[in-house]
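Descriptive structure summary
One letter stands for each residue in the lines below.
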Amino acid sequence: PKEKGWRTEHLYQYKSFWLSLGALKGVKRTQQCFKAQPTDILLATSPKSGTTWFKALIYAIMNRDRFDDISSHPLLTKGPHDRVPFLEAIIQNEVSYNDYRTSSSPLFATHIPYSLLPTSVKSFGCKIVYVFRDPKDVLVSNWNFMTKLRSKDLPSFPIEDAFDLFCKGVSHYGPFWDHVSDYWKASLENPDRVLFLTYEDMKKNPNVCVTKLAKFLDKSFCDGEEDQVQEIIKLCSFDNLRNLEVNQTGVQHFSSQFAIENRHFFRKGEVGDWRNHLTVEMAQQLDQITKQKLGGTGFNC
Ligand code: A3P
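Fair warning: this is a prediction, and the values are worked out from it, not measured in the lab.

Let's shift gears to a negative patch on the surface. A grouping of Asp 68, Asp 69, Asp 223, Glu 226, Asp 227 and Glu 231 is seen on the molecular surface, where their side chains present a negatively charged patch. For Asp 68, the location among the structural elements is in the loop between helix H2 (51-62) and helix H3 (80-83).

The structure is reproduced here in structure tokens:
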């Protein structure tokens, strides 16, 4: 079955997840061609959960030995999406993929649901960092993003319609809650391989979260390296990244038909912006679904 997605395209249900045709191609190609290595690191997210931010954080942590001087850091000259590509996008271009694959410690991001990842990811033990974000903020972020990208000659797309679709599970790589619960369960089964973090925790306790992330990635900070933790947090902060010229300009070509300007990945970068867009009833309904779908798994959001 297909349903109209938030852009002009249809979303197709593939093994219970809703994917655009481009995403479906990317998932299938990833399943066929991606052979995970134990040193690979995958950042997995539902769209609009903070992928851009965590791409920057993971890149900065993984390369922290190489760049003492933050003023010449590579994230200042190429944005997070150029430094850490989406697996399902880059794998569709053999040359770019092979070039990237030969780099020392490949970092990839993905929106692919856990159950649709290639078996090599699960069997070769590459590491996965999953980022959860409050679905109320994900919905609002997604709606703003799609509204910006929507062609001006199309009728407007009220947030109420986005809300109804999201609650039904119809969103890119949705149902959102199934995406979360599969990674959550994987993190419980294999905590050395799957780290589950939240956008909200990273905002609230960046020191603790960056330290935990570094430890998981085998890049632990030693005593006396607290300044480095602070520098990474500052480098990757919303205000810093958003204001960099490289993130104000430039475009990401996720496929031959789908390009997005870097600046659209930076909007407010706050926790709780849903209050400015959703009614109390809408928020309650989303919280209720979250409780229903994730409550039994021990997940406490
Ligand atoms: P908002 O629309 O709520 O502002 P993704 O990267 O997964 O597409 O998610 C985009 C969301 O993350 C947007 O949320 C964006 O503003 C926010 N974001 C981008 N960079 C960030 C950063 N450095 N710190 C915090 N939030 C960030």
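Further notes follow.
This brings us to the site of the ligand. Among the 19 residues in the neighbourhood of the ligand, the closest are listed as Thr 51, Thr 52, Ser 141, Tyr 199 and Lys 268. Lys 48 places a polar side-chain atom, nitrogen or oxygen, 2.7 Å from an oxygen atom of the ligand. In this structure, Gly 269 approaches the ligand through a main-chain N or O atom, which is 2.7 Å from an oxygen atom. Summarising the interface, the protein chains cover 98% of the accessible area of the ligand, which totals 570 Å² for the free molecule. Contributing elements (two or more residues each) for the shell around the ligand: H2, helix H10 (199-204) and helix H13 (238-243). When residues of the shell around the ligand are assigned to their parent elements, the largest contribution, three residues, is made by H2. Partitioning the shell around the ligand into residue classes produces seven nonpolar, seven polar and five charged.

Next up on the list: the pattern of salt bridges. Evaluation of the coordinates by the stated rule reveals 10 salt bridges. In this structure, the salt-bridge partner of Asp 134 is Lys 136, at a minimum N-O distance of 2.9 Å. Of the residues examined, Lys 136 reaches a relative accessible area of 6% and is grouped as buried. Taking the shortest distance from any N to any O, the salt bridge between Arg 242 and Asp 239 comes out at 3.6 Å. One end of the pair, Arg 242, and the other, Asp 239, are both in helix H13, three residues apart, so they sit about a helical turn from each other. Taken together, the shared-partner salt bridges in this structure form one network comprising Asp 134, Lys 136 and Asp 287.

On to the environment of Ala 162, then. Here Ala 162 shows up in helix H8 (residues 159-167). C-alpha of Ala 162 to C-alpha of Val 140: the two residues are 22 residues apart in sequence and 8.9 Å apart in space.

This part takes up the pairing of strand S4 (residues 41-45). For S4, a buried count of five out of five residues is recorded, marking the element as mostly surrounded by other parts of the structure. Burial along S4 is two-sided: the residues Ile 41, Leu 43 and Thr 45 and Leu 42 and Ala 44 are all buried. Taken together, the five bridges between S4 and strand S6 (residues 127-132) define a ladder with parallel strand orientation. The partner of Leu 43 across the bridge, within S6, is Val 129.

Counting through the fold element by element, Arg 101 comes out in helix H5 (residues 94-101). Every residue in contact with Arg 101, bar those within four places of it in the chain, is listed here: Phe 34, Lys 35, Ala 36, Gln 37, Asp 40, Pro 106 and Phe 108.

What follows is about the packing of aromatic side chains. Applying the stated criterion across every chain, the model contains 19 aromatic pairs. Their ring planes at 50 degrees and their centres at 5.5 Å tell us that Phe 145 and Phe 265 sit as a pair that is tilted. Of this pair, Phe 145 sits in helix H7 (residues 135-149) while Phe 265 is found in the loop between strand S9 (258-261) and helix H15 (280-294), placing the two residues 120 residues apart along the sequence. There is no split in this pair, since Phe 145 and Phe 265 are both buried.

This brings us to the packing of H2 against helix H11 (residues 206-216). Where H2 meets H11, the closest approach of the two axes is 10 Å, and the angle between their N-to-C directions is 60 degrees. With respect to each other, H2 and H11 are oriented oblique. The handedness of the crossing between H2 and H11 is right-handed. Contacts between H2 and H11 involve Leu 57, Ile 58 and Ile 61 from the first element and Val 210, Leu 213 and Ala 214 from the second.

Core analysis: the biggest nonpolar cluster contains 101 residues, and Leu 57, Ile 58, Ile 128, Leu 213, Leu 217 and Cys 236 have the highest contact counts within it. When residues no more than four places from it in sequence are discounted, the contact partners of Ile 128 are Leu 42, Ala 44, Tyr 114, Leu 117, Val 121, Tyr 183, Arg 193, Val 194, Leu 195 and Phe 216.

Between its terminal C-alpha atoms H7 stretches 20 Å, which fits the 21 Å expected from 15 residues at 1.5 Å a residue. Taking burial as the measure, the 15 residues of H7 include 12 buried ones, the bulk of the element. Lining the buried residues of H7 we find S6, H8, helix H9 (176-189), S9 and H15. Between a side-chain oxygen at the N-terminus of H7 and the backbone nitrogen of Lys 136 the separation is 2.8 Å; the capping residue is Asp 134.

Rules of the game
Residues numbered from 1 in each chain as written. Predicted model: local features only at pLDDT ≥ 70, side-chain atom pairs only at ≥ 80, totals over all residues. Heavy atoms only, no water. Patch = residues over 30% accessible without salt bridge, like charges linked within 9 Å, V, L, I, M, F, W, Y side chains within 5 Å. Areas by Shrake-Rupley, 256 points an atom, 1.4 Å probe, with all protein chains shown as cover. Salt bridge = Lys/Arg side-chain N within 4 Å of Asp/Glu carboxyl O. Lys, Arg positive; Asp, Glu negative; His and termini not counted. Charge placed at Lys NZ, Arg CZ, Asp CG, Glu CD. Helix = DSSP H or I, 4+ residues; strand = E, 2+ residues; numbered from the N terminus. Near = heavy atom within 4 Å. Polar contact = N/O pair within 3.5 Å; in protein donor to acceptor, adjacent residues only side chain to side chain. Nonpolar A, V, L, I, M, F, W, Y, C, P; charged D, E, K, R; others polar. Buried < 20%, exposed > 50% of the residue type's maximum accessible area, 1.4 Å probe, protein only. Pairing = 2+ DSSP bridges. Contact = heavy atoms within 4.5 Å. Phe/Tyr/Trp six-rings, centres within 6.5 Å; stacked < 30°, edge-to-face > 60°. Axes fitted to C-alpha atoms, helices over the stretch in contact; angles between N-to-C directions. Parallel < 35°, antiparallel > 145°, perpendicular 65-115°, else oblique. Left-handed = near helix turned anticlockwise from the far one by under 90°. Core = buried A, V, L, I, M, F, W, Y, C linked by side-chain atoms within 4.5 Å. Expected span 1.5 Å × (residues − 1).

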